[in-house]
Amino acid sequence: MKVKSNIDIAASPLRVSKRRVPRAMSDSGKMKKPDVKLVLLGDMNVGKTSLLHRYMERKFKETVSTVGGAFFLKQWGPYNISIWDTAGREQFHGLGSMYCRNAAAIILTYDVTNWQSLAELEERFLSLTDTANEDCIFAIVGNKADLTDPKALEAEEMEAEEEGAEQPPSHPASPTVLKQVKREDAIALYGRVLRYKAQDERACLPAERMCFETSAKTGYNVDLLFETLFDMVLPTILKKRSENSSPTVDLEECRGAKQTKAGCCS
Ligand SMILES: Nc1nc2c(ncn2[C@@H]2O[C@H](COP(=O)(O)OP(=O)(O)OP(=O)(O)O)[C@@H](O)[C@H]2O)c(=O)[nH]1
Ligand SMILES: [Mg+2]
């Protein structure tokens with residue numbers, strides 16, 4: 001199912017406070033809690049903030065290195081999805097597991113022109129996801145594809161045409177930077193992530209669907225990335241809503257209680 005809405009709320013960088021939970025504004029002006037949480041993780045400079053800007057504001061703009069974290073709220077059909085941007089700088093590393101708490105999906109982001117940024121995902125960031133939901137979905141995302149892949153570079157022209165821009169974007173005729181991380185390397189990492197999370201690879205979403213190469217600069221695969229994940233977390237939202245709305249009875253507990261009673265009376 002694909003549902004889409006245009007109502008988005010971008011929030012400013014958060015002060016780190018456990019009590020401050022982002023809430024989406026409803027039509028009545030009442031604040032609503034997000035239904036589900038997505039988190040972007042990865043080394044500094046890989047383009048996490050740029051990916052979010054591109055998706056939420058349809059722009060590639062100047063960024064400053066993120067301090068702490070920031071969140072954006074996306075309304076996806078009737079659901080509110082919070083997307084958390086985190087700081088890749090080492091000095092903020094300690095905050096990462098707090099941002100990942102109860103996350104339904106985590107986007108592990110690297111830069112296709114920087115091998116070390118892929119290695120860091122496993123060495124430094126994977127353990128931060130211990131606080132995420134048990135059935136958390138993982139996507140591995142290689143950003144800056146415009147620097148290495150002609151297809152990703154062309155995406156900018158197509159987007160500019162659609163937006164009716166008078167001047168086509170100016171860039172070199174073909175990408176010139178060496179691609180350091182191959183898609184197969186990302187696919188191999190996806191397998192190791194599932195093993196780390198003790199998730200059964202056969203029961204999980206296939207690596208081919210969960211490894212993306214994107215360009216925040218040209219918009220290449222950016223909508224595809226976020227909207228694939230939004231659709232994938234819908235079952236988590238529905239499960240959470242049904243748990244919250246219907247009172248449940250623990251059958252095991254009932255059986256246990258009956259047995260104890262019977263034992264007691266006999
Ligand atoms: N060519 C190219 N440059 C990009 C792309 N995405 C981001 N950049 C550039 O990479 C630099 C870092 O981008 P950010 O989005 O700030 O990176 P970040 O991962 O949020 O970094 P931290 O906040 O420090 O963790 C900036 O100079 C961006 O303009 C991309 O897709 N292509
Ligand atoms: Mg940032």
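To be clear, the structure that these remarks concern was listed above.
Residues numbered from 1 in each chain as written. Chains lettered and ligands numbered in written order. Predicted model: local features only at pLDDT ≥ 70, side-chain atom pairs only at ≥ 80, totals over all residues. Heavy atoms only, no water.

Engineer: Explain the overall build of the chain here, please?
Structural biologist: Secondary structure summary: the chain contains eight helices and nine strands in total. Counting all 266 residues of the chain, 48% fall into the buried class. In the chain, the share of contacts with a sequence separation of at least 24, taken over all contacts with a separation of at least 6, comes to 75%. About 14800 Å² of surface is accessible on the chain, with carbon and sulfur atoms providing 52% of the total. (Helix = DSSP H or I, 4+ residues; strand = E, 2+ residues; numbered from the N terminus. Buried < 20%, exposed > 50% of the residue type's maximum accessible area, 1.4 Å probe, protein only. Contact = heavy atoms within 4.5 Å. Areas by Shrake-Rupley, 256 points an atom, 1.4 Å probe, with all protein chains shown as cover.)

Engineer: What is the right way to read the site of ligand 1 from this model?
Structural biologist: Around ligand 1 lies a shell of 21 residues, among which Lys48, Ser50, Thr63, Ser65 and Asp146 are the nearest. Side-chain polar atom of Thr63 to an oxygen atom of ligand 1: 2.7 Å apart, as the coordinates give it. At 3.2 Å, a backbone N or O of Lys217 approaches an oxygen atom of ligand 1. In isolation ligand 1 exposes 650 Å². Once the protein is present, 86% of that is buried. (Near = heavy atom within 4 Å. Polar contact = N/O pair within 3.5 Å; in protein donor to acceptor, adjacent residues only side chain to side chain.)

Engineer: Before we go on, may I ask you to explain the nonpolar core in this structure?
Structural biologist: It is characteristic of soluble globular proteins that their nonpolar side chains tend to be buried jointly. Ranked by internal contacts, the top residues of the largest apolar core, which has 59 residues, are Ile83, Ile106, Ile140, Phe226 and Leu229. In terms of residues, this core owes the most to one element, helix H7 (residues 222-245), which gives nine residues. Non-local contacts of Leu229, meaning those with residues more than four positions away in its chain, are made with Leu38, Ala105, Ile107, Ile137, Ala139 and Met210. (Core = buried A, V, L, I, M, F, W, Y, C linked by side-chain atoms within 4.5 Å.)

Engineer: Please clarify how the pattern of salt bridges should be interpreted in this entry.
Structural biologist: Pairs can form between side chains of opposite charge whenever their charged atoms are close. Taken as a whole and assessed by the stated rule, the structure comprises 10 salt bridges. In this structure, Arg58 engages Asp223 in a salt bridge whose closest nitrogen and oxygen atoms are separated by 2.8 Å. Residue Arg58 is found in the loop between helix H1 (48-57) and strand E5 (69-76), and its partner Asp223 is found in helix H7; the two are separated by 165 residues along the sequence. Taking relative accessible area as the criterion, Arg58 reaches 35% and is therefore assigned partly exposed. By relative accessible area, which is 25% here, Asp223 ends up partly exposed. Salt bridges sharing partners connect three or more residues here, namely Asp43, Glu90, Glu120 and Arg124. (Salt bridge = Lys/Arg side-chain N within 4 Å of Asp/Glu carboxyl O.)

Engineer: Could you clarify how one ought to interpret unusual backbone geometry in this entry?
Structural biologist: Glycine aside, residues mostly have negative phi, and peptide bonds are mostly found in the trans state. In this model, Asn45 sits at a positive phi of 80°, which is unusual for a non-glycine residue. Considering the arrangement of structural elements, one finds Asn45 in the loop between strand E4 (36-42) and H1. With a phi close to 65°, Asn221 is a non-glycine residue in the positive phi region. Position of Asn221 relative to the elements: it lies in the loop between strand E9 (211-213) and H7.

Any functional reading would require information that these geometric values do not contain.
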